[in-house]
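Residue-level structural notes
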Amino acid sequence: MVETITIRRPDDWHVHLRDGDMLRDCVAYTARQFARAIVMPNLTPPVIDTQSAIAYRDRIMAAVPAGMAFTPLMTCYLTDNTDADDLARGKAQGVFTAAKLYPANATTNSAHGVTDMARLDPVFARMQSDGIILCIHGEVTEGEIDIFDREAEFIERHLRGIVSRFPELKIVFEHITTSDAVEFVEAAGDNVAATITPQHLHINRNAMLVGGMQPHAYCLPVAKREAHRLALRKAAVSGSTKFFLGTDSAPHTREAKESACGCAGIFNAPYALESYLAVFEEEGALDKFEGFASLHGPAFYGLPVNQERITLTRNGVDVPQMLQAAGSDIVPFHAGQRLDWTLTL
Ligand code: NCD
Ligand code: ZN
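Residues numbered from 1 in each chain as written. Chains lettered and ligands numbered in written order. Predicted model: local features only at pLDDT ≥ 70, side-chain atom pairs only at ≥ 80, totals over all residues. Heavy atoms only, no water.

1. A short note on the coordination of the zinc ion (ligand 2)
The protein atoms that coordinate the zinc ion (ligand 2) are His14 (NE2), His16 (NE2) and Asp248 (OD), at distances of 2.0 to 2.1 Å. Considering all 4 donor atoms around the zinc ion (ligand 2), angles at the metal cover 92 to 147 degrees and the coordination shape is irregular. Positions of the donor residues of the zinc ion (ligand 2) along the chain correspond to the pattern H-x1-H-x231-D. Here Asp248 lies in the loop between strand S9 (243–245) and helix H10 (254–257) and His16 lies in the loop between strand S2 (12–15) and helix H1 (20–33), a separation of 232 residues in the sequence. Judged on exposure class, the residue His16 and its partner Asp248 are both buried. (Donors = N, O, S within 2.8 Å, 3.2 Å for Na, K, Ca; no water. Tetrahedral: all angles 85-135°; square planar, octahedral: opposite > 155°, others 65-115°. Helix = DSSP H or I, 4+ residues; strand = E, 2+ residues; numbered from the N terminus. Buried < 20%, exposed > 50% of the residue type's maximum accessible area, 1.4 Å probe, protein only.)

2. What to know about the pairing of strand S5 (residues 96–101)
Within S5, 6 of the 6 residues are buried, leaving the element largely enclosed by the surrounding structure. Pairing geometry for strand S4 (residues 71–77) and S5, over 4 bridges, is parallel. Across the sheet, residue Thr75 finds its bridge partner in S5, namely Ala98. For the handedness criterion, the β-α-β arrangement of S4, helix H3 (residues 84–92) and S5 is classed as right-handed. Bridge analysis of S5 against strand S6 (residues 133–136) gives 4 bridges, and the strand direction is parallel. Of the residues in S6, the one forming a bridge with Lys100 is Cys135. (Pairing = 2+ DSSP bridges. Right-handed = clockwise from strand over helix to strand, strands pointing away.)

3. Examining the pattern of salt bridges
In this structure the tally under the stated criterion is 21 salt bridges. Here Arg157 and Glu142 are joined by a salt bridge, their closest N and O atoms 3.7 Å apart. In this pair, Arg157 sits in helix H5 (residues 150–165) while Glu142 sits in the loop between S6 and H5, placing the two residues 15 residues apart along the sequence. We classify Arg157 as partly exposed; its relative accessible area is 38%. The class for Glu142 is partly exposed, based on a relative accessible area of 29%. Between Glu226 and Arg229 there is a salt bridge, with the nearest N and O atoms lying 2.8 Å from each other. Here the residue Glu226 and the residue Arg229 both occupy positions in helix H9 (residues 226–236), the gap between them amounting to 3 residues, near one helical turn. On the basis of relative accessible area, Arg229 is assigned to the buried category, the value being 15%. (Salt bridge = Lys/Arg side-chain N within 4 Å of Asp/Glu carboxyl O.)

4. Description of the sheet that holds S4
Spatially, the 8 strands line up as an open sheet ordered S2-S3-S4-S5-S6-S7-S8-S9, and their pairing is parallel. The open sheet has two edge strands with one neighbour each: S2 and S9. Averaged over all adjacent pairs, the angle separating strand axes in this sheet is 30 degrees, with direction ignored. Across the sheet, H5 lies against S6, strand S7 (171–173) and strand S8 (192–196), angled at about 175 degrees from S7, the strand it touches most. (Axes fitted to C-alpha atoms, helices over the stretch in contact; angles between N-to-C directions. Contact = heavy atoms within 4.5 Å.)

Keep in mind these numbers describe shape, not what the thing actually does.
Here it is as structure tokens:
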């Protein structure tokens with residue numbers, strides 16, 4: 001039995017680091033595991049231009065504990081009024097790595113998101129010509145579309161069109177949750193890839209709704225049927241360079257989750273690698289872990305792989321029921337469970 005695994009230090013290609021006290025108390029969980037992370041811009045107000053991204057990056061760096069090496073890769077929140085010149089300047093200055101498309105009201109802090117996809121074509125054209133990656137939260141928001149169908153519907157209503165109108169635009173279909181998304185990404189060209197979260201590899205929609213409502217299993221896009229989870233697992237461990245790690249770790253206080261209107265988001269940063277590795281082991285694919293965690297993402301983003309190595313050992317870890325952040329309790333993914341692997345520093 002394999003007892004230790006050493007791989008290049010991974011990166012997290014989708015994370016919510018938040019701001020203020022939550023940022024201060026959560027950033028080290030990500031910095032401990034990952035060398036770099038694509039930082040989501042859905043603050044209030046969102047990060048919509050180069051200037052606010054520089055300021056946010058400074059706040060992140062100030063919050064990283066001394067002695068930890070961590071590079072936040074910033075994203076620009078696209079709106080109906082995004083200034084393509086500013087975005088291109090931000091990219092040229094090394095501020096922006098990608099831009100994030102949230103359909104308006106699809107998820108937490110997305111009220112400023114895009115209401116009319118077609119209006120963004122000039123921005124997509126500029127992103128294509130300037131090599132700016134487009135990260136997409138792929139869910140439609142129309143009230144008549146069932147929440148479990150919103151990702152698949154987004155592919156048909158929007159994504160196919162964007163991909164065919166901008167064949168050179170690099171697109172990351174973020175936190176995919178369906179076999180429809182897996183099939184779409186597999187069939188698309190090399191310019192289309194996807195991130196997969198730990199929770200969507202571990203849970204199906206029962207986790208939210210069986211035995212009482214389980215707010216800590218609620219995130220967006222919501223977990224789907226078991227058949228979709230199995231398709232995601234197959235894609236993640238396939239060795240295909242189109243699929244890579246993006247935790248979508250999205251901390252909310254316990255009160256904000258356990259509420260009459262509980263927030264979407266799962267806080268998986270503390271044990272993200274341990275969580276992913278459990279999946280690769282269960283699937284008999286330990287040899288595919290490094291590609292998913294540390295190689296495919298940099299290759300897609302056109303960035304160098306990390307030189308440093310990390311080691312995980314089969315010591316196991318008991319995930320606490322609760323952690324503390326922003327003066328409150330916060331419940332991590334896998335709370336109260338034992339995971340077989342531990343990141344040893
Ligand atoms: C994210 C958040 O809380 O910011 N929530 C989530 O459920 N994933 C937003 C998002 O990525 O959809
Ligand atoms: Zn997210």
